[in-house]
Amino acid sequence: MATTSRGRAQDRAKVAGGQDHEVRYEAKKEGLSKETVKKAVKSAGNSRKKVEAEIRRH
């Protein structure tokens, strides 16, 4: 698992809805708006797989 500059482990299997850069990355990857991704995180939780499934569902 990768680590941050502070030595903490990064969990790439999750989307932090409050982190603009993570929401922006997911939005660009899926070709959607940031608001759509934030709504998906709020409804499905922060698991990347669940967020992507929620996005595809709509």
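Residues numbered from 1 in each chain as written. Predicted model: local features only at pLDDT ≥ 70, side-chain atom pairs only at ≥ 80, totals over all residues. Heavy atoms only, no water.

The protein goes by DUF3606 domain-containing protein in an unreviewed UniProt entry, where it is assigned to Rhizobium laguerreae.

Of all hydrophobic cores here, the largest spans eight residues; its members are V15, V23, A27, V37, A40, V41, V51 and I55. Within the residue set of this core, elements represented by two or more residues are α1 (20-30), α2 (34-44) and α3 (48-57). It is α2 that contributes the most residues to this core, three residues altogether. Once residues lying within four places of it in the same chain are set aside, the contact partners of V15 are E22, E26, V41, N46 and R48. (Core = buried A, V, L, I, M, F, W, Y, C linked by side-chain atoms within 4.5 Å. Buried < 20%, exposed > 50% of the residue type's maximum accessible area, 1.4 Å probe, protein only. Helix = DSSP H or I, 4+ residues; strand = E, 2+ residues; numbered from the N terminus. Contact = heavy atoms within 4.5 Å.)

Turning our eyes to something else, we now look at the pattern of salt bridges. Oppositely charged side chains can pair when the atoms bearing their charge come close. Tallied over the full model, the rule gives seven salt bridges. K29 is paired through a salt bridge with E26; the nearest N and O atoms lie 3.6 Å apart. Placement of the pair is K29 and E26 together in helix α1, with a separation of three residues, close to one helical turn. Accessibility expressed as a relative area gives 0% for E26, which makes it buried. In this structure K29 comes out as partly exposed when scored by relative accessible area, which is 40%. (Salt bridge = Lys/Arg side-chain N within 4 Å of Asp/Glu carboxyl O.)

With that out of the way, let us pick up the confidence of the model for the protein. On average, residues of the protein carry a pLDDT of 89, and 97% of them reach 70 or more. Mean pLDDT across the elements of the protein bottoms out in α3 (93) and peaks in α2 (95). (pLDDT = per-residue confidence, 0-100.)

As a further point, take the side chain of E54. Structurally, the position occupied by E54 is in helix α3. The exposure class of E54 is buried, given its relative accessible area of 13%. Polar contacts involving the side chain of E54 include one to the side chain of R57, which spans 3.0 Å. (Polar contact = N/O pair within 3.5 Å; in protein donor to acceptor, adjacent residues only side chain to side chain.)

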